[in-house]
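These are the residues of each chain, in order.
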There are 2 protein chains.
Amino acid sequence: MRKGLLIVLSGPSGVGKGSVCSVLRGRMPELVYSVSATTRTPRQGELDGVNYFFKSRAQFQDMIARDMLLEHAEYVGNYYGTPRDFVERTIAAGKDIILEIEVQGALKVKEKFPEGVFIFLLPPSLDELKQRITGRGTESVDTIDHRMNVAVEEMNLLRHYDYAVLNDEIDQACHRIESIIVAEHCRKEHYLSEFTQMQHASEKA
Amino acid sequence: MRKGLLIVLSGPSGVGKGSVCSVLRGRMPELVYSVSATTRTPRQGELDGVNYFFKSRAQFQDMIARDMLLEHAEYVGNYYGTPRDFVERTIAAGKDIILEIEVQGALKVKEKFPEGVFIFLLPPSLDELKQRITGRGTESVDTIDHRMNVAVEEMNLLRHYDYAVLNDEIDQACHRIESIIVAEHCRKEHYLSEFTQMQHASEKA
C-alpha cells in the first residue's frame with residue numbers, strides 16, 4: 001500500500017495557524033490530525049488520545065530518551081511533543097496526517113522526517129501581522145514590539161520550508177493547502193515503482 | 001511582476017492528452033494555451049496565431065537556425081514546433097501557459113526550459129491504454145502491437161518529469177492538474193524575494 005504524507009503546517013505566531021487548521025478540518029475530513037503528548041493536567045472534557053496523549057513527567061522523559069518524539073519543548077513547566085509512533089502508524093496505513101506547530105518545532109521535525117511536506121503560512125504583510133498580534137487584546141507596546149521581532153525572525157526560516165501559503169483569506173489559504181496535498185500525491189516518485197509493477201503485470205499477461 | 005509558469009503536459013500516445021486539455025480549457029479559462037508553428041497549409045477556418053502560426057518552410061528553417069523554437073519535429077513532410085517567444089512573452093506578463101506535447105518534444109523543451117513544470121499523464125493500466133489505442137478504429141494487430149511497444153518505451157521517460165497524473169477519469173485528472181498549478185505557485189522560492197521586499201518596506205516605515 002502507498003504511504004500517506006506528513007504535512008507540517010507552520011508559520012510565525014499570530015499568522016492564524018489554528019484558525020486555518022480548524023477550517024481545514026471541516027473541508028478535509030479524511031485528513032488525520034496529529035495528537036501531541038503533554039505532561040499538563042487534562043482540562044474538563046479533554047480526552048486522552050483525542051485532545052492530547054496525557055503523560056507523567058517520568059513517562060515523557062522516557063519518551064525523549066527513547067527518541068519516541070519527533071520534537072518536544074517545555075512551556076510554563078509542562079512538556080509538549082509530537083509522538084513519532086502516531087505519525088508513522090497513520091502514514092503506514094496510507095492516510096495523510098497534518099501537524100500544526102510553531103516554526104522551531106517544525107524544523108526539528110524536518111531533521112527527523114525530511115520526507116514531510118513543510119508548509120509555511122504567511123501573513124499578507126508585516127503590518128497585517130502586527131494588527132493581528134495587537135488585536136489579541138491588552139498587551140503592552142513593548143510586548144507587541146518583542147512579538148513582532150520574534151515573528152520577523154521566524155519569517156526568516158521560510159527558506160527551510162517547501163511551500164509558502166499566503167493567509168490573506170482563510171478559505172483561499174485552505175484551498176492552497178488542499179492543492180499542495182493533491183499535487184504532492186502526484187509527484188512522479190510515487191509512481192515510478194507502481195509503473196514498474198504495471199510493466200511486470202503486463203509482461204506476465 | 002511575478003512571472004507565470006510554463007506547464008508542459010505530456011504522456012504516451014493514446015493516453016488522452018488532447019481530451020484532458022480541452023476539458024481543462026473550459027475549467028481554467030485564465031490559462032494560456034501554447035500555439036505551435038507549422039509549415040502545413042491552413043485548413044478551412046484555421047486562423048494564424050490562434051490555431052497555429054503558419055510559416056513557410058524557409059521561415060521555419062530560419063526559426064530553427066536562430067534558436068527561436070523550444071522544440072520542433074517533422075511529420076509527413078511538415079514541420080511543427082513551439083515558438084519560444086510566445087511562451088516567454090506570456091510568462092513575462094505573469095500568465096501561466098500550458099503546452100500539450102508528445103514525450104520526446106517535452107524532453108527537448110526541458111533542455112531549453114528546465115524551470116517548466118513537467119506533467120506526465122498516465123493511463124490507469126497498460127491494458128486500458130491498449131484498449132484506447134485499439135478502440136480508435138481499424139488498425140491492424142501489428143500496428144497496435146507497435147504502438148503499445150512505443151507507448152511502453154514512452155512510459156519509461158516518466159522519470160524525467162516532475163509529476164504523474166493518472167487519467168482514470170478526465171475531471172479527476174483536470175482537478176489534479178489544477179492542484180499542481182496552484183501548488184507550484186506556492187513554492188517557497190517564489191516568496192523568498194517578496195518577503196525580503198516586505199522586510200525592507202517595514203524597516204523604512
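Residues numbered from 1 in each chain as written. Chains lettered and ligands numbered in written order. Predicted model: local features only at pLDDT ≥ 70, side-chain atom pairs only at ≥ 80, totals over all residues. Heavy atoms only, no water.

We now examine the nonpolar core. Core analysis: the biggest nonpolar cluster contains 120 residues, and L6(A), V109(A), I119(A), V109(B) and I119(B) have the highest contact counts within it. Residues contacting V109(B), with those up to four places away along its chain left out, are L6(B), V8(B), L70(B), E71(B), L99(B), I101(B) and F118(B). (Core = buried A, V, L, I, M, F, W, Y, C linked by side-chain atoms within 4.5 Å. Buried < 20%, exposed > 50% of the residue type's maximum accessible area, 1.4 Å probe, protein only. Contact = heavy atoms within 4.5 Å.)

Before going further, it helps to spend a moment on the pattern of salt bridges. Residue and element names in this part refer to chain A. Across all of its chains, the model carries 25 salt bridges over all chains by this definition. The partner of K112 in a salt bridge is D67, with the nearest N and O atoms 2.5 Å apart. On the criterion of sequence distance, the pair formed by K112 in helix α4 (residues 103–112) and D67 in the loop between α2 (57–65) and β5 (69–75) is long-range, its members being 45 residues apart. The exposure class assigned to D67 is partly exposed, which follows from its relative accessible area of 37%. A salt bridge links D85 to R89; the shortest N-O distance between them is 3.0 Å. Of this pair, D85 and R89 are both found in helix α3 (residues 84–92), 4 residues apart, which corresponds to roughly one turn of the helix. When its relative accessible area of 43% is taken as the criterion, D85 is described as partly exposed. Each of the salt bridges in this network shares a partner with another, and the network as a whole consists of D67, R84, E88 and K112. (Salt bridge = Lys/Arg side-chain N within 4 Å of Asp/Glu carboxyl O. Helix = DSSP H or I, 4+ residues; strand = E, 2+ residues; numbered from the N terminus.)

Bringing the side chain of E184(A) into the picture now. All names here are of chain A. Mapped onto the secondary structure, E184 falls in helix α7 (residues 170–185). Despite its burial, E184 pairs with no opposite charge, the nearest such side chain being R187 at 4.0 Å. Among the polar contacts listed, one links the side chain of E184 to the side chain of Y163, at a separation of 2.6 Å. (Lys, Arg positive; Asp, Glu negative; His and termini not counted. Polar contact = N/O pair within 3.5 Å; in protein donor to acceptor, adjacent residues only side chain to side chain.)

Here we come to the sheet that holds strand β1 (residues 6–10) of chain A. Residue and element names in this part refer to chain A. Spatial strand order, β2-β7-β1-β8-β9: 5 strands in an open sheet with parallel pairing. One side of each edge strand has no neighbouring strand; the edge strands of this open sheet are β2 (32–33) and β9 (163–166). With 4 bridges joining them, strand β8 (residues 117–122) and β9 adopt parallel strand pairing. Paired with L121 across the two strands is V165, which belongs to β9. (Pairing = 2+ DSSP bridges.)

All names here are of chain A. Strands sit in the order β4-β3-β6-β5 across an open sheet of 4 strands; the sheet is mixed. This sheet does not close on itself; its edge strands, each paired only once, are β4 (52–54) and β5. Averaged over all pairs of adjacent strands, the angle between strand axes in this sheet comes to 25°, irrespective of strand direction. As paired elements, strand β3 (residues 36–38) and strand β6 (residues 78–83) share 2 bridges and run antiparallel to each other. Its bridge partner lying in β6, T38 is registered against Y80. Its contacts with the sheet place α2 against β3, β4, β5 and β6, and it is angled at close to 45° to β6. (Axes fitted to C-alpha atoms, helices over the stretch in contact; angles between N-to-C directions.)

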